[in-house]
Each structure stands twice: as structure tokens, then as C-alpha cells.
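Spelled out from the first residue to the last, the chains are:
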Amino acid sequence: MKHRIVTAAQMKEIERAGDAHGLPYLQMMENAGLAAYAELQKQFPHPGRLLVVCGKGNNGGDGIAAARLLFLKGLKVRAFLVGDYEKLTPDALEETRRLSECGVELERFDPADESQRAWVLGCDVVIDALFGVGLSRPIGAGTPFAAAVDWMNESRAAVVAADIASGVSADTGAVLGRAVRADRTVTFTLPKIGQAVGEGAALSGNVEVRDIGIPADLVRGLVCRAQT
């Protein structure tokens, strides 16, 4: 199936419209987590050890939702938060609460923790939910975010990006400082320009488009108007 491709701004407009038409951001996050989970189960039915690397934004919330669903299916999963709990978006914080209710901790990522590094390097599948399409500035060298990207790239695991490979510009495909090399990308609603051009095309791996519940008529109308 052919899809229109969108910019980050267009995708944000589509999501705002979905929220205004009765699909709350939290439900989109749940649906995105389910989409990531479904794709992982399809491609890796017996994944062994799993890791979800989460940022503080809504992309991180998608990953936290996926971690909960994977755990509830009896899989061995850990979830790392790169950044501060205090900076989680409200919806990502709610997903963290739901994960905690299941008995799974959203662990603070520590680049100095050798046991965390060993888990990242030795796990079987990593879900990259560090940065979404809103990233607009380079990932700084020497930061925990850079370490998380580097560890994912050094891992023997298959890397599945949630929505977009972290560090890839959604609009240009350029690498913003450094970027995750994904084997697969589960992108939500529509593919992004950066997954088809520049370095982003190579870093995205196989791109699978998954619906997260935004009405198709609404999506078509907004994309056509934005591209006119």
C-alpha cells in the first residue's frame, strides 16, 4: 500500500486534530504501544530478553506502553528512562504509573552502570523509544542520550524503532549528532519524509506503517491541505 509522507509539523497537526476529535493523546500512546508490540510479536515471536529505551516525551510513553504489554504477555523485559522522571510528559507519566502497577520499574538509565551496559549489549531485541519526530537539535556528545544511542548501536540485538530512529530528522533524513541504526521501524499513521531520504532512509531499516486510531478521512484531509 502506498502512503503519503509527512513532515514532523504535519504529523503533530494530525495528532492535535485526532485529540480534538475525541482520540486523547493517552489513547494514541496506548495504541502506539500496541502497534509496536504487535509488530515485535510478528517479527520476533520468541524474542528472549527485551529492552525498551525511553525518553521523557510522548515517544518514550509509546515505549513504556509497549513494555507493559510485553511484560503482560510473559516476556522478560526491562525499560530504561534516559532523562529525569520529573520531565516526563503527563501522558508518559501515566504510562509509567501503569507499568509500575504491573510490578515493572522504569529504571533510570546510567551510562556508568556496567550491569545496564551488559544488558543492552546482550539482549535480543531493543525497542528505541528515545526521541520521536519532534527532535530538532543534535544529540550532544558525552550526554546520557548519546551513550544510549551508542549502546543500542553496539548491541547484538535487533533494534526496532518506535515511530522513527532516534537522531534522524523527520523532515530531512539528516543525522542530528548521532542516530540509532534500526533494523525495523514501526511508524505511526503515516511515514515521515526522513525515512525515505538522506541517511535516514538507511538508518530506518524496514519501515512498517501502523494505524493508531486517527480517522483516515481526517488524516487525508489534513495531509492534502498541508501539501497543497
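Notes on the structure follow.

Quick look at the overall build of the chain now. Along its length, the chain carries eight helices and seven strands. Its C-alpha atoms put the chain at 50 × 35 × 35 Å along the principal axes. Buried positions account for 51% of the 228 residues belonging to the chain. The contacts of the chain with a sequence gap of at least 6 include a subset with a gap of at least 24, amounting to 76%. For the chain, the exposed surface amounts to about 10,000 Å²; the carbon and sulfur share of it is 52%. Taken as two groups, the 25 positive and 28 negative side-chain charges of the chain have centres that lie 3 Å from each other.

This brings us to the sheet that holds strand 3 (residues 106-108). In sheet architecture, strand pairing relies on hydrogen bonds along the backbone and comes in two forms, parallel and antiparallel. The seven strands are arranged 3-2-1-4-5-6-7 in an open sheet whose pairing can be described as parallel. The two strands at the open ends of the sheet, each matched to only one other strand, are strand 3 and strand 7 (206-210). Averaged over all pairs of adjacent strands, the angle between their axes in this sheet comes to 25 degrees, without regard to strand direction. The sheet contact formed by strand 1 (residues 49-54) and strand 4 (residues 125-129) spans five bridges and is parallel. When the bridges of strand 4 are listed, C54 appears paired with A129.

Moving on: the packing of helix 2 (residues 25-43) against helix 4 (residues 90-101). The description of two helices packed together rests on the angle between their axes and the distance between the axes. Close contact between helix 2 and helix 4 brings their axes to 10 Å; oriented N to C, the two are set at 55 degrees. Our classification of the angle between helix 2 and helix 4 gives oblique. Seen from above, helix 2 lies across helix 4 with right-handed handedness. Here Y25, L26, M29 and E30 of helix 2 lie close against helix 4, whose contacting residues are D91, A92, E94, E95 and R98. Classifying every residue of the contact of helix 2 with helix 4 by side-chain character gives four nonpolar, no polar and five charged.

Another point: helix 4. What sets the pattern is the α-helix's 3.6 residues per turn: residues three or four places apart point alike. Taking 1.5 Å per residue as the helical rise, helix 4 with its 12 residues ought to reach 16 Å, and the 17 Å between its terminal C-alpha atoms agrees with that figure. All buried positions along helix 4 are accounted for by A92, E95, T96 and L99. Burial along helix 4 is one-sided: seen end-on, the buried residues are contained in an arc of 105 degrees. In helix 4, the exposed positions that point more than 90 degrees away from the buried face belong to P90 and E101. Looking at the buried side of helix 4, the elements it contacts are helix 2, helix 3 (58-72), strand 2 (76-81) and strand 3. Downstream of helix 4 by one or two residues, G103 has phi in the positive range, about 90 degrees.

Before going further, it helps to spend a moment on the packing of aromatic side chains. Following the criterion strictly, the structure yields three aromatic pairs and no others. Considering the side-chain rings of F80 and F109, the 6.4 Å spacing of their centres and the 40 degrees angle between planes classify their relative orientation as tilted. Here F80 is found in strand 2, whereas its partner F109 is found in the loop between strand 3 and helix 5 (114-122), with 29 residues between them in sequence. With respect to burial, F80 and F109 carry one shared label: buried. On the basis of an interplanar angle of 70 degrees and a centroid distance of 5.0 Å, the ring pair of F109 and W151 is categorised as edge-to-face.

Reading the values: the criteria
- Residues numbered from 1 in each chain as written.
- Predicted model: local features only at pLDDT ≥ 70, side-chain atom pairs only at ≥ 80, totals over all residues.
- Heavy atoms only, no water.
- Helix = DSSP H or I, 4+ residues; strand = E, 2+ residues; numbered from the N terminus.
- Buried < 20%, exposed > 50% of the residue type's maximum accessible area, 1.4 Å probe, protein only.
- Contact = heavy atoms within 4.5 Å.
- Areas by Shrake-Rupley, 256 points an atom, 1.4 Å probe, with all protein chains shown as cover.
- Lys, Arg positive; Asp, Glu negative; His and termini not counted.
- Charge placed at Lys NZ, Arg CZ, Asp CG, Glu CD.
- Pairing = 2+ DSSP bridges.
- Axes fitted to C-alpha atoms, helices over the stretch in contact; angles between N-to-C directions.
- Parallel < 35°, antiparallel > 145°, perpendicular 65-115°, else oblique.
- Left-handed = near helix turned anticlockwise from the far one by under 90°.
- Nonpolar A, V, L, I, M, F, W, Y, C, P; charged D, E, K, R; others polar.
- Expected span 1.5 Å × (residues − 1).
- Arc of directions from axis to C-beta.
- Phe/Tyr/Trp six-rings, centres within 6.5 Å; stacked < 30°, edge-to-face > 60°.

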